[in-house]
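As a plain string of letters, each chain reads:
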Amino acid sequence: MVKPVTSVFEGGFEPGDGLVDEGGQDFGGVALDRKSLAEQVANRIMAMIKSGNLKSGDKLPTEAQMGIAFGISRPPLREALKALTLMGVLVSRQGGRYTVTDLTPTRLVAPFNTMLSVADYDVHKQFEARTVVDLELVRLCALRASPELRQRIHKLAVDGKAFEHDPVAFRLLDIEFHQAINGGAANELLSALAQVLYDMGLDVRRTASEVPGVISHSVSQHIAVADALVAGDAAAAVAAYRAHLEHVRDTTIQSMEAGKLQ
């Protein structure tokens, strides 16, 4: 039986840990809470495994890449990775990156996620719903997000350029990017719904993200969204995000069709 992540952490957390930019500015409103940073990083990685975004045998990004994606220093990151290793979720070989073990996602998935099975997956309905929910979230983010969070979103978008040839690393960064936007909207109910819709059909999108050029296009669209958010231009942010959703939808459909031909 998998133990809760909280059971493998000892001691407290240093008040200076995490989510501080180079100028010493805290990223107010970012999803990771500084008093339990390592625990929440571990839970983020666990969530990727539960949803199927990370699977058995997947290698995690390097510690440096994960530090960029999560916006944290190495000590809390290493504490999170150590905890997941003790739980048997990850394995680390000397000189290598952490790898997801053969622990099957179905053993970790909450009953709530049974509705997300691929057998019931309808890509058109999913993206119709995402258009309604996500575009409202990005509009609210343009209106409500703090200047610090807008800069965090922009940094995540630009940092994606480094991961264009590493689909696993990009998927981790992609989750952080979208959740940062959701957090900036300051509507927990819409954010929770957006996460459910994001998690649907991840098996198909994993394949799509490995097609050459797909990540590069997504990165440029992330930057367009982020530019508009930094400028506080809600209309431009919504338009850029809509184009991104259409790209993700189209590449998802292409991946599904390619799978049927094989």
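Secondary structure summary: the chain contains 11 helices and two strands in total. If you list the helices and strands of the chain from N to C, you get α-α-α-β-β-α-α-α-α-α-α-α-α. Looking at the chain as a whole, 49% of its 262 residues qualify as buried. A fraction of 75% describes how many contacts in the chain between residues 6 or more apart in sequence connect residues 24 or more apart. Counting only carbon and sulfur atoms, one obtains 54% of the accessible surface of the chain, whose full area is about 12,700 Å².

This next bit is on the pattern of salt bridges. All told, the structure shown has nine salt bridges when counted by the stated rule. The residue aspartate 58 makes a salt bridge to arginine 206 at a minimum N-O spacing of 2.8 Å. Here aspartate 58, found in the loop between α1 (37-51) and α2 (63-70), pairs with arginine 206, found in helix α9 (residues 202-209); they are 148 residues apart in sequence, far enough to count as distant. Here aspartate 58 and arginine 206 have matching classes, each one buried. By sharing partners, the salt bridges in this structure join Arg44, Arg152 and Glu176 into a single network.

A few words now on the nonpolar core. With 69 residues, the main nonpolar core has Ile45, Ile153, Ile181 and Leu229 as its most contacted residues. Looking at which element gives the most residues to this core, the answer is helix α7 (residues 167-185), with 10 residues. In this structure isoleucine 181 touches Leu137, Val138, Cys141, Ile153, Val225, Leu229 and Tyr241, once residues within four positions along its chain are discounted.

Applying the stated criterion to the full structure yields zero aromatic pairs. The ring of tyrosine 198 has arginine 205 sitting right over it, with the charged end atom 4.9 Å from the ring centre.

Attention now goes to empty space enclosed by the protein. Scanning the entire structure with this criterion turns up four cavities of 30 Å³ or more. The volume enclosed by the largest cavity comes to roughly 260 Å³. Lining the largest cavity are 20 residues, with Phe170, Asp174, Arg205, Ser209 and Val248 sitting closest to its centre. Counting residues per element, the ones that place at least two in the lining of the largest cavity are α7, α9, α10 (214-231) and α11 (234-261).

Moving on: α9. Extensive coverage of α9 is indicated by the burial of six of its eight residues. Within the sequence span of α9, burial applies to Leu202, Val204, Arg205, Arg206, Ala208 and Ser209.

As for its placement among the helices and strands, arginine 150 is situated in helix α6 (residues 147-159). Despite its burial, arginine 150 remains without a salt bridge, the nearest opposite charge being carried by glutamate 148 at 8.2 Å. Within the structure, arginine 150 has its side chain in polar contact with the backbone oxygen of alanine 142 (distance 2.9 Å). When sequence neighbours within four positions are dropped, the list of residues in contact with arginine 150 reads Cys141, Ala142, Leu143, Arg144, Ala145, Leu229, Val230 and Gly232.

A rise of 1.5 Å per residue sets the reference length of helix α3 (residues 74-86), with its 13 residues, at 18 Å; its end C-alpha atoms lie 18 Å apart and thus fit the reference within 8%. Within the sequence span of α3, burial applies to Pro76, Leu77, Ala80, Leu81, Ala83 and Leu84. Mapping the buried residues of α3 onto a view down its axis gives an arc of 155°, with all of them on the same face. Set apart from the buried face of α3 by more than 90 degrees, the exposed residues are Pro75, Lys82 and Leu86. Residues of α3 that are buried make contact with α1, α2 and β1 (90-91). Remark: glycine 88 follows α3 within two positions and exhibits a positive phi of approximately 85°.

Within the fold, aspartate 233 resides in the loop between α10 and α11. Distance in space between the C-alpha atoms of aspartate 233 and alanine 142 is 6.4 Å, their sequence separation being 91 residues. Polar contacts involving the side chain of aspartate 233 include one to the main-chain amide nitrogen of alanine 236, which spans 3.1 Å.

Turning to unusual backbone geometry, a few remarks are in order. Working note: non-glycine residues mostly have negative phi, and peptide bonds are mostly trans. Its identity as a non-glycine residue notwithstanding, alanine 186 has a phi of 60°, on the positive side. By secondary structure assignment, the location of alanine 186 is in the loop between α7 and α8 (188-199).

Parameters at a glance
Each chain carries its own residue numbering, running from 1 in the written order of its sequence. Only residues with pLDDT of at least 70 are given local features in this predicted model, and only at 80 or more are side-chain atom pairs given and counted; all residues enter the totals for whole chains, interfaces and linings. Hydrogens and waters are ignored; side-chain quantities use all the structure's heavy atoms. Under the DSSP-based scheme used, a helix requires at least four consecutive residues in state H or I and a strand at least two consecutive residues in state E, with every element numbered from the N terminus. Working definition: with a 1.4 Å probe on protein chains only, accessible area under 20% of the residue-type maximum means buried, over 50% means exposed, and in between means partly exposed. Contact definition: two residues touch when any of their heavy atoms are within 4.5 Å. Only the protein chains shown count as cover for residues, and the accessible areas themselves come from Shrake-Rupley with a 1.4 Å probe. For salt bridges, the criterion is a side-chain nitrogen of Lys or Arg within 4 Å of an Asp or Glu carboxyl oxygen. Only buried Ala, Val, Leu, Ile, Met, Phe, Trp, Tyr and Cys residues count toward a nonpolar core, and they belong to the same one when joined by side-chain atoms within 4.5 Å. Within 6.5 Å between ring centres, the rings of Phe, Tyr and Trp (the latter by its six-membered ring) count as paired, and their orientation is classed by plane angle as stacked under 30 degrees, edge-to-face over 60, tilted in between. By definition, being over a ring means that NZ of Lys or CZ of Arg is both within 6 Å of the ring centre and within 35 degrees of the ring normal. Every definition here rests on a 1 Å grid over the protein atoms only: cavities are sets of points where a 1.4 Å probe fits but cannot get out, pockets are open sets enclosed by protein on both sides within 12 Å along at least five of seven lines, and lining residues have some atom within 4 Å of a point. Grid points are joined across faces, edges and corners, and a volume is the space filled by probe spheres set on the points. Charged residues are defined here as Lys and Arg on the positive side and Asp and Glu on the negative side; His and the ends of the chain fall outside this count. Contacts described as polar in this section are N or O atom pairs within 3.5 Å, which, within protein, must combine one atom able to donate a hydrogen with one able to accept it, while residues neighboring in sequence count only if both atoms come from side chains. A helix is expected to span 1.5 Å multiplied by its residue count minus one. The directions from the helix axis to the C-beta atoms are what the arc is built from.

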